Amino acid sequence: MVKNKMKLSRRQFLKTSAAVGVLLGGGGAVALTQKSAYAGGELPATKLNTVRTTCSPNCTGACGMKAIVEKDQIKAIIQAADYPDSEYNPRGCLKGLSMMNLIYGPDRLQTPLLQKGKAGTDALQKATWEESLDFTAKRLKEIAEKYGPESIGVIFQVGGTGYVHKGAVIRLATLAGWNIHHAYDQNGDLPMFWPMTFGVQSEELEPLEWLNSSYVAVFGSNIMATRLPDAHFLVEARNRGAKITVFDPNFSATAAKADEYVQIKGSSDAAVGLGISKIIIEEKLYNADFIRTYTDLPILIRSDNGKRIKAEEVQGLSKPADTPAYREAYVVYNGQFMTVNPEKLDLPLDTLLEGEIEVPLKTGESVKAKPAFQLLKESLEKYTPEVVQKESGINPETLKRVAHEMAAAKALHVIYGASNYQWYHGDLKGRALALIPVLTGNIGKSGSGISTYAGQYRIRIKLAEWWTPEGRKQNWLPFLYVLNGPTKTMTAKWPKNGIKALLIGWGNPFDQHNMANKLRNMVEKGDLEFVATMDFQMTTTCQYSHAVLPAVTWYEKTELVATPVHPFLQLQQPAIKPVYEGKSELWIMRELAKRINPDFEKYFFPGLDENQAAEKVIELVLKTGGPAVEGVTLEQLKKGPVRLKSEVPGNRQISFYDQIQHKKPFPPVSLPAKIEQTAQFVKSGRIEFYKDEDTFLKMGEALPVHKPPFEESEYALNPKTKEKYTFAYITRNAIYRVHSTHSNNVWMNELQDGKPRIWISPQDAAEKGIKEGDQVEVYNDRGKLTVYALVDPGVGLKTAVFEEGWWSRYLHGESYNALTYPFIKPTNEVYFVPGIWAPNTAWNECLCDIRKVGDAK
């Protein structure tokens, strides 16, 4: 395997440096006449082209960038600053501006590679495209014939970063009958409280709306580090008078910018949220009319079995004839029993919220029932300020004060961070925190709501015409089952012979998803018989692959991009030709398609070059993409970003605006799923806090409750863990990387001194005899990590914080995710809709210990 070293001559570097003045200009071609002391005179005129594209790692930023190009080589990258909403200009970060370090770096893949020895051990060998494609197609066909096509798994990280090329991978997987692994739950970024409570995948206020908030409560989200393009909106909101309060076990950059920092224990957010909700209800600070109109809290719950009472069960009531199959009609009371039409939000404002009544059933029996609100009130009784202090560490007076502040806020916005819901009970924490804005009526209006800013998954437009050819059936399997194996409670379909091969696009899972070292072991033991990877760099995953297919960056292809949080549709446009032998993923899929089945080639625009084919896909998607892109053309997008259309005035992005302002039933559509798939999650057509599915009742989670971490996970897996490992192992996002991307960026590594670190408190360091800069081992029964100690007084006790994304080569060949475990919570399995209701990876539900290197007994 030969490493590439693309070098810029001193003369070229000086010519580029002299062009700084041009870098602030617009697009098109620019002629420069430069003088150089080193060149000894005037240099010939140089033609620089600027090409507008979009930076698209999985960070949700989707920052418009301009590449400054000379002779088909990028000389510099600058922020485009061309958004119609001037507040979004400029946007970008040092990672995006230093992308040239990866495009032309020593890890850039030059040719296809094949493994002719042992994957993960032996060196890969150079091959031609013909050899690699033929070999890959041959192995995939053999495995499909032997084990069934569903035994081939496809990782496509992640949909929102590229509708065309990620779609090409999904298109071929659909045609071939392979299983697709959705990135949202695989990455641990799926906030499971969203489908449980609101029936959606996720919803978020766009950052411009932060300026309209009067109170922002941040629970475990480090916006100043992980949302760099938009972080200034939070600071500006504070400067305009909004109060920013951060609740976090660890003092973060975001806490440093807040008006108030409240330190709480790890994974105790549900206790805090429920304690706040108790005060709001107890002191009648809630919005009763909002609760009656938009939530399930007035619905009557049977006292004998915990189930909602259905209208068809009650004397004198019936289910409306036009009720869709995915809905259910329940019962409320206001002096008489009434049917709750799930397609309407029109309950009388005198509907009962508290008390207990006898309900006459059509069987002739009567049952006692209480409104869900009454049950909620009763369940909150135990969350006194003193109990919440014991569970979370928050001072009782502080709890009372912030509860009053939130209840009084004109526009309350709760931000619930991904690192915070990447726990076993992340769903419970989200359900508890969602209570606060819902009880106070802070949903569906400007500057208000609850948001989770993690990952570029949410699909903004209809993509079925491209992603699902001819409406064919697709096979999806949550990735946790690949690592954990099938469970008795799973709803997703487990392939008869398991997963025997992986086709990987992007993502580097052999670092990023190697929980308990299972992925690497599966290759080494032969359980994964074939792995093919598309990437533009030689990652750890490539080293564990049998075939490596060199792809391209977003500066070398045509693509359509949108993100859940940034409200613009944008293009990636090729600034340069593919470096070395790199090819776009659309081209690779087309070539594989015709080798796997000649009939498949016609689905990938044969006869067109890869960029022409990509433009055809974009035109198709815009034509069939629905209301959000109505009237938008490819030519418009070539000129610059276009704001996606919405039902909100000014096309702003405000969660549940249509439901609250126009009284449309919950949920709004979560593309690419159909409404019948997601509406079943909230059968009442309302915001639901009471879940009466059997699994929720069995686990004591019909209503949101607080459960301490580790008891149903680590301690259940191995009871000895409780005494053996007492540190919570937290793998947070770093300012220097976007997950695995930029792990090998020389600029970013220089800023970290090239040293992976573990953050621990001074007290814990002293007890362990560890000093700043010591080399230490972080370990448990599953794995070990050798890093350097950083002693930080802002870190909570018994907490070890590691910044994820480091490639294995920077960790002495170790895998930092080998310490973690693929726990699957049964409530995450009640339904299955890919990337919307599925088992979410709980990275932080992990215990470890720390010792100085050499201290092992």
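My aim in this report is to walk through the structure given alongside it, one point at a time. (Residues numbered from 1 in each chain as written. Predicted model: local features only at pLDDT ≥ 70, side-chain atom pairs only at ≥ 80, totals over all residues. Heavy atoms only, no water.)

1. Brief notes about the state of the cysteines
To keep it simple, the criterion reads: The disulfide criterion is simple: two cysteine sulfur atoms within 2.5 Å. Working definition: with a 1.4 Å probe on protein chains only, accessible area under 20% of the residue-type maximum means buried, over 50% means exposed, and in between means partly exposed.
Using the criterion set out here, one finds zero disulfides in the structure. Left unpaired, Cys-55 is separated from the closest cysteine sulfur, that of Cys-63, by 6.2 Å. The thiol of Cys-846 is unpaired, and the distance to the nearest cysteine sulfur, on Cys-848, comes to 6.2 Å. Cys-846 sits in the buried class, given a relative accessible area of 0%.

2. Some remarks on the packing of helix H11 (residues 269-282) against helix H17 (residues 426-439)
This is how the line gets drawn: Here the axes come from fitting lines to C-alpha atoms, over the contacting stretch only for helices, and the angles between their N-to-C directions go from 0 to 180 degrees. Put simply, DSSP marks the helices as runs of H or I at least four residues long and the strands as runs of E at least two long, and each gets a number from the N terminus on. We call two directions roughly parallel when the angle between them is under 35 degrees, roughly antiparallel when it is over 145, roughly perpendicular when it lies between 65 and 115, and oblique otherwise. Here is the rule for handedness: rotate from the far helix to the near one, and if that takes an anticlockwise turn smaller than a right angle the crossing is left-handed, while a clockwise turn gives right-handed. Any two residues whose heavy atoms approach within 4.5 Å are treated as being in contact. Lys, Arg, Asp and Glu make up the charged group, whereas Ala, Val, Leu, Ile, Met, Phe, Trp, Tyr, Cys and Pro make up the nonpolar group; the residues left over, Gly among them, are polar.
The geometry of H11 relative to H17 is characterised by a closest axis approach of 8 Å and an angle of 25° between their N-to-C directions. By the angle between their directions, the pair H11 and H17 is classed as roughly parallel. Between H11 and H17 lies a crossing whose hand is left-handed. Two secondary-structure elements touch here, H11 through Asp-269, Ala-270, Gly-273, Leu-274, Ile-276, Ser-277, Ile-280 and Ile-281 and H17 through Leu-428, Lys-429, Ala-432, Leu-433, Leu-435, Ile-436 and Leu-439. Partitioning the contact of H11 with H17 into residue classes produces 11 nonpolar, two polar and two charged.

3. Concerning helix H24 (residues 610-624)
The condition is simple: Expected span, for any helix, means 1.5 Å times one less than how many residues it has. In protein, a polar contact means a hydrogen-donor-capable atom and an acceptor-capable atom, both N or O and within 3.5 Å, with residues adjacent in sequence counting only if both atoms are side-chain atoms; elsewhere, any N or O pair within 3.5 Å suffices.
The end-to-end C-alpha separation of H24 is 21 Å, in line with the 21 Å expected for 15 residues at 1.5 Å each. For H24, the elements touching its buried residues are helix H5 (165-176), helix H18 (464-467), strand S25 (559-561), strand S26 (568-572), helix H23 (585-596) and helix H25 (634-639). Where H24 begins, one side-chain oxygen reaches toward the backbone nitrogen of Asn-611, 3.0 Å away; that side chain belongs to Asp-609. At the exit of H24 stands Gly-626, carrying a positive phi of roughly 95°.

4. Re the sheet that holds strand S10 (residues 179-181)
Note the cut-off: When DSSP finds at least two bridges between two strands, those strands are taken to pair.
Across the sheet, which stays open at both edges, the eight strands sit in the order S8-S7-S24-S23-S22-S9-S10-S21 with mixed pairing between neighbours. Only two strands of the sheet have a single neighbouring strand rather than two, namely strand S8 (125-126) and strand S21 (475-476). Bridge count for strand S9 (residues 152-155) against S10 is three bridges, and the pairing is parallel. Within S10, the residue paired with Gly-153 across the bridge is Asn-179. Contacts from H5 reach S9, S10 and strand S23 (530-535) within the one sheet, and its direction differs from that of S10 by about 150°.

5. What to know about helix H13 (residues 372-379)
For H13, every residue scored as buried is listed here: Ala-372, Phe-373, Gln-374, Leu-375 and Leu-376. On its buried face, H13 sits against H11, helix H12 (288-294), strand S14 (300-302), strand S18 (366-371) and H17.

6. Thoughts on empty space enclosed by the protein
Think of a ball as big as a water molecule: rolled over the atoms, this probe shows where empty space is left. Note the following rule: Buriedness for pockets is judged along seven lines, at least five of which must meet protein on both sides within 12 Å for an open set on the 1 Å grid over protein atoms alone, while cavities are sets there where a 1.4 Å probe fits but cannot get out, and lining residues have an atom within 4 Å of a point. Grid points are joined across faces, edges and corners, and a volume is the space filled by probe spheres set on the points.
Across all of its chains, the model carries one cavity of 30 Å³ or more by this definition. In this structure, the largest cavity encloses a volume near 120 Å³. Every residue lining the largest cavity is counted, 17 residues in all, and those nearest its centre are Tyr-421, Trp-423, Tyr-424, Asn-828 and Asn-840. When its residues are assigned to classes, the lining of the largest cavity shows 11 nonpolar, four polar and two charged.

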